[in-house]
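Okay, here's what each chain looks like letter by letter:
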Amino acid sequence: MAQHAETFFAQSYVEARAKFLAAAEAAGLDPEPHRHPLLGREGETLALDVLRQGPARGRAERVLILSSACHGVEGFAGSGIQCGLLADTQWLAAVRASGVCVLYLHGLNPHGFSWWRRVTQEGVDLNRNFVDFHQRPLPANPGYEELASALLPRQWPPSAENEARLSDYIARHGRAAWQQAVSGGQYTQELGLFYGGHAPTWSHITLRHVLEEHLAGVRELAWIDLHTGLGPCGHGERIYTGQDTGDSLARARQWWGAGVTSLSEGNSSSAPLVGLMWSIVEPVFAQVAPGARYTGMALEFDTVPLDEMIMALRADHWLEAHPEALPEQAQSIKHQIRDAFYIDTPAWKAQLLAQASEAAHQALAGLSTAPLP
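Computed from a predicted structure; not experimentally measured.

In this section: the state of the cysteines. Using the criterion set out here, one finds 0 disulfides in the structure. For Cys83, which is in no disulfide, the shortest distance to another cysteine sulfur is to Cys70 and amounts to 18 Å. Note on Cys83: relative accessible area 2%, which makes it buried.

Here we come to the environment of Arg17. One can find Arg17 in helix H1 (residues 13–26). By relative accessible area, Arg17 is classed as buried at 14%. Sequence separation of Arg17 and Thr45 is 28 residues, and the distance between their C-alpha atoms is 9.8 Å. With sequence-adjacent residues up to four places away left out, Arg17 is seen in contact with Pro33, Thr45, Ala47, Asp49 and His106.

Sheet architecture is open: 8 strands sit in the order S1-S2-S4-S3-S5-S8-S6-S7, paired in mixed fashion. The open sheet has two free edges, formed respectively by strand S1 (32–39) and strand S7 (261–262), since each of these has just one partner strand. Of the strands in this sheet, strand S5 (220–228), strand S6 (236–240), S7 and strand S8 (293–301) touch helix H9 (residues 247–256), which is tilted by about 55° from S8.

Right, let's talk about the side chain of Gln179 for a bit. With respect to the helices and strands, Gln179 occurs in helix H7 (residues 175–183). Not counting residues up to four positions away in its chain, the partners in contact with Gln179 are Gly184, Ser269, Ser270, Ala271 and Leu306.

One pass over the full model with this rule turns up 7 aromatic pairs. Relative to Phe113, the ring of Phe76 lies with its centre 5.0 Å away and its plane at 75°, an arrangement referred to as edge-to-face. With Phe76 in helix H2 (residues 75–86) and Phe113 in helix H4 (residues 110–115), this pair connects stretches of sequence that are 37 residues apart. Judged by centre distance (6.0 Å) and plane angle (75°), the rings of Tyr342 and Trp348 are edge-to-face. Pair check on accessibility: Tyr342 and Trp348 agree, each one buried.

This part is about helix H11 (residues 306–321). With 16 residues, H11 should cover 22 Å at 1.5 Å per step; its first-to-last C-alpha distance of 23 Å lies within 8% of that length. Residues Met309, Ile310, Ala312, Leu313, Arg314, Ala315, Asp316, His317, Trp318 and Leu319 constitute the buried set of H11.

How each quantity is defined
Residue positions are counted from 1 within each chain, in the order its sequence is given. With pLDDT at 70 or above as the cut-off, local features in this predicted model cover only qualifying residues; side-chain atom pairs require 80 or more to be listed or tallied, and sums for whole chains, interfaces and linings still use all residues. As a convention, hydrogens and water are excluded, and side-chain values are obtained from all of the structure's heavy atoms. The definition used for a disulfide is geometric: two cysteine sulfur atoms within 2.5 Å. To sort residues, take the accessible area from a 1.4 Å probe on protein chains only and compare it with the maximum for the residue type: under 20% means buried, over 50% means exposed, and anything in between is partly exposed. The way it works is that DSSP assigns letters per residue, a run of H or I at least four long becomes a helix, a run of E at least two long becomes a strand, and they are numbered from the N terminus. We call two residues in contact whenever any of their non-hydrogen atoms come within 4.5 Å of each other. Between any two strands, pairing holds if DSSP finds at least two bridges. Helix axes are fitted only over the stretch in contact, all axes being lines through C-alpha atoms; the angle between N-to-C directions runs from 0 to 180 degrees. Any two rings among Phe, Tyr and Trp, with Trp reduced to its six-membered ring, count as a pair given centres within 6.5 Å; such a pair is stacked if its planes are under 30 degrees apart, edge-to-face if over 60, and tilted if neither. What a helix is expected to span follows from its residue count: subtract one and scale by 1.5 Å.

Right under this line is the structure:
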């Protein structure tokens, strides 16, 4: 499968969705599209497409979710992985033999996927959007407030003075604190980086509806959310996504290996974050699957160094605030943001597919053998 990995990946959202729907048809699965209210950059329909393989709704006690494009442009990698799995006869047979239901969620943020942005059409980082918006104040991030005008200056590229302000912050607080300030999540700067929003986004609301429909009666849930962007190129970091470091983390490491990292333990390439998507699981369980158990991870495939990735995000957010930018500059920035989250080489794609396939099989085995709660 790895040597044919190139065929499962795409150059646009239109192509990626077409490949995913074709793979679903070839696997004998019926897609369930949840159409987005806006169109894509080529005038195409946008959708969160759901495939269900295995027991019907209400009849599955064990469910595995494989999701892509939480962060829009990162969907190029996640979609290719999903298409590769759907074309893998060994994987499909293993799912059938296990009795586990697998949900493929393609394009959680289809607007960002199509328009080569990490954020949603609301300008929101979906993986910071899962906070309780009824409670005030929303989480504060004073570090971001201090850095906001330097991160997104009036002119692009940024001046030496802008960059000196960022370097000064690092010198005073350290790189870990700088990464936390920039990427941890903020709820005041609507055009800024890692903005968590002021209300649930379309993607947030749609995902909740999908989970409430498909997780009714589940007793054991595993979730692998596919991401790109952090760490050494080609390596897939397995980042635990859960509320505690007790039984759930131990189970994640039993299934996926001792190398599973944890934000709360401080051993991940990611800074601690707020408003994470996995936090939707508990309220969904309360509605449709009381007492169910969850084990999850973000599979983070590495692309470029952190500073390069942040610079690409800064450029993209600057461009969104400056539609008067010259076409040549705009085109350069759009390619910069895609290249920061998608390494368009056969070797990188083969690495992704091999590592994701291993993680999916491990989750399937863990779900199949774990005593139900």
